[in-house]
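What follows is the residue order along each chain.
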Amino acid sequence: MFQGASSLSLDAKGRLSVPTRHRDVLSATASNQLTITKHPHGCLMIFPRPEWEKFSARIAALPMEAQWWKRIFLGNAMDVELDGTGRVLVSPELRAASGIEKDTMLLGMGNHFELWDKATYEAKEAEAMRGAMPDVFKDFSF
């Protein structure tokens, strides 16, 4: 289970250094094999390979009217591997699609991660915090 936020910078080659607290889990559960793809909210999703296989099977089974979503998720997916120092290469195409240049936020989202351009994430988070909390939280006690 991945959780927590990390402020990270890509290196000059577009590589992301995965925080050490996640590396052991990724090694044990995914043999350091990851898949990165687009998210409809403008970030990237990073899946350990076993979780990607579950997700992609669900997407592939969608009906024809979801064809564009299949293209977005499956057609843009890139398989990557953590290198010996715990870095993954984020392709130029995926970086461009999500507006990621250097400064990022990596969020643990349970079975996967989201990778955001830091300024975009901060703006969207601030907007959400200014708005009303959705009704799905009405039974939560904060």
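To start, this report covers the structure provided alongside it. What you are looking at is a predicted structure, and each value in this text was computed from that prediction instead of being measured. (Residues numbered from 1 in each chain as written. Predicted model: local features only at pLDDT ≥ 70, side-chain atom pairs only at ≥ 80, totals over all residues. Heavy atoms only, no water.)

Quick look at the overall build of the protein chain
Thinking step 1. For the protein chain, the helix and strand inventory stands at five helices and eight strands.
Thinking step 2. A burial count over the protein chain gives 37% of its 142 residues as buried.
Thinking step 3. In the protein chain, of all internal contacts separated by at least 6 residues, the share reaching a separation of at least 24 is 57%.
Thinking step 4. A total accessible area of about 8,700 Å² is found for the protein chain, and carbon and sulfur atoms account for 55% of it.
Thinking step 5. The averaged location of the 18 negative side-chain charges in the protein chain is 3 Å from the averaged location of its 17 positive side-chain charges. (Helix = DSSP H or I, 4+ residues; strand = E, 2+ residues; numbered from the N terminus. Buried < 20%, exposed > 50% of the residue type's maximum accessible area, 1.4 Å probe, protein only. Contact = heavy atoms within 4.5 Å. Areas by Shrake-Rupley, 256 points an atom, 1.4 Å probe, with all protein chains shown as cover. Lys, Arg positive; Asp, Glu negative; His and termini not counted. Charge placed at Lys NZ, Arg CZ, Asp CG, Glu CD.)

Here we look at the pairing of strand 3 (residues 33-38)
The side chains of a regular strand alternate, residue by residue, between the two faces of the sheet.
Thinking step 1. The pairing of strand 3 with strand 5 (residues 78-81) spans four bridges and is antiparallel. When the bridges of strand 5 are listed, Ile36 appears paired with Met78.
Thinking step 2. With five bridges connecting them, strand 3 and strand 4 (residues 44-48) associate as antiparallel partners. The residue of strand 4 that forms the bridge with Thr37 is Met45. (Pairing = 2+ DSSP bridges.)

As for the nonpolar core
Thinking step 1. Within the largest apolar cluster, 19 residues are counted, with the highest numbers of intra-cluster contacts made by Leu16, Ile46, Val90 and Leu115.
Thinking step 2. At the level of secondary structure, the elements contributing two or more residues to this core comprise strand 1 (2-9), strand 3, strand 4 and strand 8 (113-117).
Thinking step 3. Counting residues in each nonpolar core, the second largest holds six residues, with Met45, Phe47, Trp52 and Phe55 among its members. (Core = buried A, V, L, I, M, F, W, Y, C linked by side-chain atoms within 4.5 Å.)

Considerations on the side chain of Thr37
Thinking step 1. Locating Thr37 in the fold gives a position in strand 3.
Thinking step 2. The class for Thr37 is buried, based on a relative accessible area of 0%.
Thinking step 3. Sequence-distant contacts of Thr37, defined by excluding residues within four places in its chain, comprise Cys43, Leu44, Met45, Phe47, Trp52, Ile72, Phe73, Asn76, Ala77 and Leu94.

Notes on a nonpolar patch on the surface
Thinking step 1. Taken together, the side chains of Met133, Val136, Phe137, Phe140 and Phe142 define a hydrophobic patch exposed on the protein surface, amounting to about 610 Å² of accessible area.
Thinking step 2. Here Phe137 is to be found in the segment after helix 5 (118-130).
Thinking step 3. With a relative accessible area of 33%, Phe137 lands in the partly exposed category. (Patch = residues over 30% accessible without salt bridge, like charges linked within 9 Å, V, L, I, M, F, W, Y side chains within 5 Å. Salt bridge = Lys/Arg side-chain N within 4 Å of Asp/Glu carboxyl O.)

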